[in-house]
Amino acid sequence: TQIGYRSIALSGSNLSNRQIELIGGRYTDLVLFFDSDDAGRKCEEKICEALHASTRIKCVNEHEGDACSMLAEECSVLIDEAASPLVRQFAINK
């Protein structure tokens with residue numbers, strides 16, 4: 001548990017299909033919190049594509065800096081403000 005949330009650390013942005021299967025088989029609700037760089041967005045997209053049919057997913061919005069160097073309060077705010085990928089995509093395309 002990190003800052004009051006059950007969490008999984010991927011230790012990078014490479015995610016195998018087996019890891020996706022394990023996550024999808026265990027959780028029905030996910031909040032994805034990756035860095036706001038190309039690698040983070042690609043990993044987020046891969047998980048959303050693989051699990052959107054079986055899992056409720058929210059994604060932390062774009063943010064400055066590395067998630068590992070943020071204060072707990074900053075992380076909590078971002079998690080609380082997380083939106084579903086469809087809502088975010090709609091807002092971006094507006």
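Throughout, a residue's number is its position along its own chain's written sequence, starting from 1. Where totals are concerned, whole chains, interfaces and linings use all residues; where local detail is concerned, this predicted model gives features only for residues with pLDDT of at least 70, and gives and counts side-chain atom pairs only at 80 or more. Only hydrogens and water are set aside; all other atoms, that is, all heavy atoms of the structure, feed into the side-chain values.

Within the secondary structure layout, Thr55 lies in the loop between α2 (38-51) and β2 (56-59). Remark: exposure states derive from per-residue accessible area (1.4 Å probe, protein chains only) relative to the maximum for the residue type, with buried under 20%, exposed over 50%, and partly exposed in between. For Thr55, a relative accessible area of 7% puts it in the buried group. What qualifies as a polar contact is a pair of N or O atoms within 3.5 Å, subject to a donor-acceptor requirement within protein and to the restriction that residues adjacent in sequence count only when both atoms come from side chains. Separated by 3.4 Å, the side chains of Thr55 and Ser54 make a polar contact. A run of H or I in DSSP becomes a helix once it reaches four residues, and a run of E becomes a strand once it reaches two; helices and strands are each numbered from the N terminus.

Moving on, we come to the environment of Arg56. Tracing the chain through its elements places Arg56 in strand β2. Placed 28 residues apart in sequence, Arg56 and Ser84 show a C-alpha to C-alpha distance of 8.0 Å. Here, residues are in contact when the closest pair of their heavy atoms is within 4.5 Å. Beyond its immediate stretch of four places on either side in the chain, Arg56 contacts Thr28, Asp29 and Leu30.

Looking now at the pairing of strand β1 (residues 29-32). Residues of β1 alternate between two faces, with Leu30 and Leu32 buried on one and Asp29 and Val31 left unburied on the opposite face. Here β1 runs beside β2; their pairing, made up of four bridges, is parallel. Counterpart to Asp29 in the pairing with β2 is Arg56. Between β1 and its parallel partner β2, the chain crosses via α2, and the hand of that crossover is right-handed. Should DSSP find at least two bridges between two strands, the strands are regarded as paired. Clockwise travel from the first strand over the helix to the second, with the strands pointing away from the viewer, marks a crossover as right-handed.

Our focus in this paragraph is the confidence of the model for the chain. Here the chain shows a mean pLDDT of 81. Residues at 70 or above account for 87%. Counted against residues more than four places away or in other chains, residues 90-94, with its pLDDT under 50, gives zero contacts. You can read pLDDT as the predictor saying how much it trusts each residue, on a scale of 0 to 100.

Expected span of a helix: the number of residues minus one, times 1.5 Å. With 14 residues, α2 should cover 20 Å at 1.5 Å per step; its first-to-last C-alpha distance of 20 Å lies within 8% of that length. Along α2, the positions that sit buried rather than exposed are Gly40, Cys43, Glu44, Ile47, Cys48 and Leu51. For α2, the angular spread of buried residues about the axis comes to 135 degrees, placing them on one side. α2 presents Asp38, Lys42, Glu45 and Glu49 as exposed residues on the side facing more than 90 degrees away from its buried surface. Picture the helix axis, draw a direction to every C-beta atom, and the arc is the one those directions span.

A separate point is the nonpolar core. Core analysis: the largest hydrophobic core is formed by 13 residues, its most contacted members being Leu30, Leu32, Ile47, Leu51 and Ile57. When residues of this core are traced back to their parent elements, those giving at least two are α1 (17-26), β1, α2 and β2. Residue contributions to this core peak at four residues, all from α2. Residues contacting Leu32, with those up to four places away along its chain left out, are Glu44, Ile47, Cys48, Ile57, Lys58, Cys59 and Val60. By nonpolar core is meant a set of buried Ala, Val, Leu, Ile, Met, Phe, Trp, Tyr and Cys residues that side-chain atoms within 4.5 Å join together. Of all hydrophobic cores here, the second largest spans six residues; its members include Met70, Cys75, Ile79 and Ala82.

Definition used for salt bridges: Asp or Glu carboxyl oxygen within 4 Å of a side-chain nitrogen of Lys or Arg. The tally for this structure, following the rule as stated, stands at four salt bridges. As a salt-bridge pair, Arg56 and Asp29 come within 2.6 Å of each other at their nearest N and O atoms. Separated by 27 residues along the polypeptide, Arg56 in strand β2 and Asp29 in strand β1 bring together distant segments of the chain. Given the relative accessible area of 56%, Arg56 is considered exposed. Judged by relative accessible area, which is 42%, Asp29 ranks as partly exposed.

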